[in-house]
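Examination of the molecular architecture
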Amino acid sequence: AALLSRRHIPEHIGTAHLRKQHQYREAELRPLVMRIILTTLAFIFATAGSAFAHAHLDHAAPKVGSTVAQAPKEVVLWFTNQLEPAFSSIEVRDEKGAAVTSGKAVLGGDRTQLRVPLKALPAGTYKVIWRVLSVDTHRTQGDFTFRVGR
C-alpha cells in the first residue's frame, strides 16, 4: 500500500474516465450477451417439439366411439410418435370384460401404427385399451369404445 500512495495517476484518469470506459465495455458486451441469450432461446424452442413428442393416439379403425355395421377383423391405432414394440399393447374387451383379441399387437407402417387381430365379434359394445411406450421413452395409455351392429 505504501508504494501505491506514491504512484502518480494522471488527472485525465478519474472517475468520469473510468465511468466512460465502463460504458464502452458494456456497449461492446451487450450485443454479445444478446446473441448468446437469443441463441439459447432458439435452441430451447427448437428442441421443445421433441420433448413434447410423446405417442398420443392420432386416430383409430374402427373410429373412436363409432358404430360399425360389420365386425372388424382387427383394430388399428395410429400414434403421433414411433413406438417401442416390446412395450406397446392393445386389449379389446367385450361388455363382460372378456378379451376378444386373437393374437398380440404388432407394429405396422413407420412404427407409428399398432394393430391387433380380433376374434369374430357378435353385435355389442367393445372397449379398446391401449398402452404404449414411445421411442422417447415416455408411456401413454388410453381407451375408447366402439359398437358393432345397430
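Residues numbered from 1 in each chain as written. Predicted model: local features only at pLDDT ≥ 70, side-chain atom pairs only at ≥ 80, totals over all residues. Heavy atoms only, no water.

**A closer look at the sheet that holds strand S2 (residues 67–68)**
What the four strands build is an open sheet, ordered S2-S8-S7-S4; its pairing is mixed. Of all strands in the sheet, those bounded by a partner on one side alone are S2 and strand S4 (89–93). Strand direction decides the pairing type here: strand S7 (residues 124–133) and strand S8 (residues 139–148), joined by ten bridges, are antiparallel. Opposite Arg-131, over in S8, you have Gln-141 as the bridge partner. (Pairing = 2+ DSSP bridges. Helix = DSSP H or I, 4+ residues; strand = E, 2+ residues; numbered from the N terminus.)

**A closer look at the nonpolar core**
By size, the foremost hydrophobic cluster in this structure holds 20 residues, and its most contacted members are Val-75, Leu-77, Phe-79, Val-92, Val-128 and Phe-146. Of all the secondary-structure elements, those providing two or more residues to this core are strand S3 (74–79), S4, strand S6 (113–117), S7 and S8. Ranked by the residues each element gives to this core, the list is headed by S7, at four residues. Beyond its immediate sequence surroundings of up to four residues, Val-92 is in contact with Val-75, Ala-98, Ala-99, Val-100, Thr-101, Val-116, Leu-118, Tyr-126, Lys-127, Val-128 and Phe-146. (Core = buried A, V, L, I, M, F, W, Y, C linked by side-chain atoms within 4.5 Å. Buried < 20%, exposed > 50% of the residue type's maximum accessible area, 1.4 Å probe, protein only. Contact = heavy atoms within 4.5 Å.)

**Let's talk about the sheet that holds S6**
In spatial order, the strands read S1-S3-S6-S5; together these four strands make up an open sheet with antiparallel pairing. For this open sheet the edge positions go to strand S1 (57–61) and strand S5 (106–108), each flanked by a neighbour on one side alone. Across this sheet, the average inter-strand angle for adjacent strands is 25 degrees, counted without regard to direction. Note: S3 against S6, five bridges, orientation antiparallel. (Axes fitted to C-alpha atoms, helices over the stretch in contact; angles between N-to-C directions.)

Worth remembering: the numbers are spatial, not functional.
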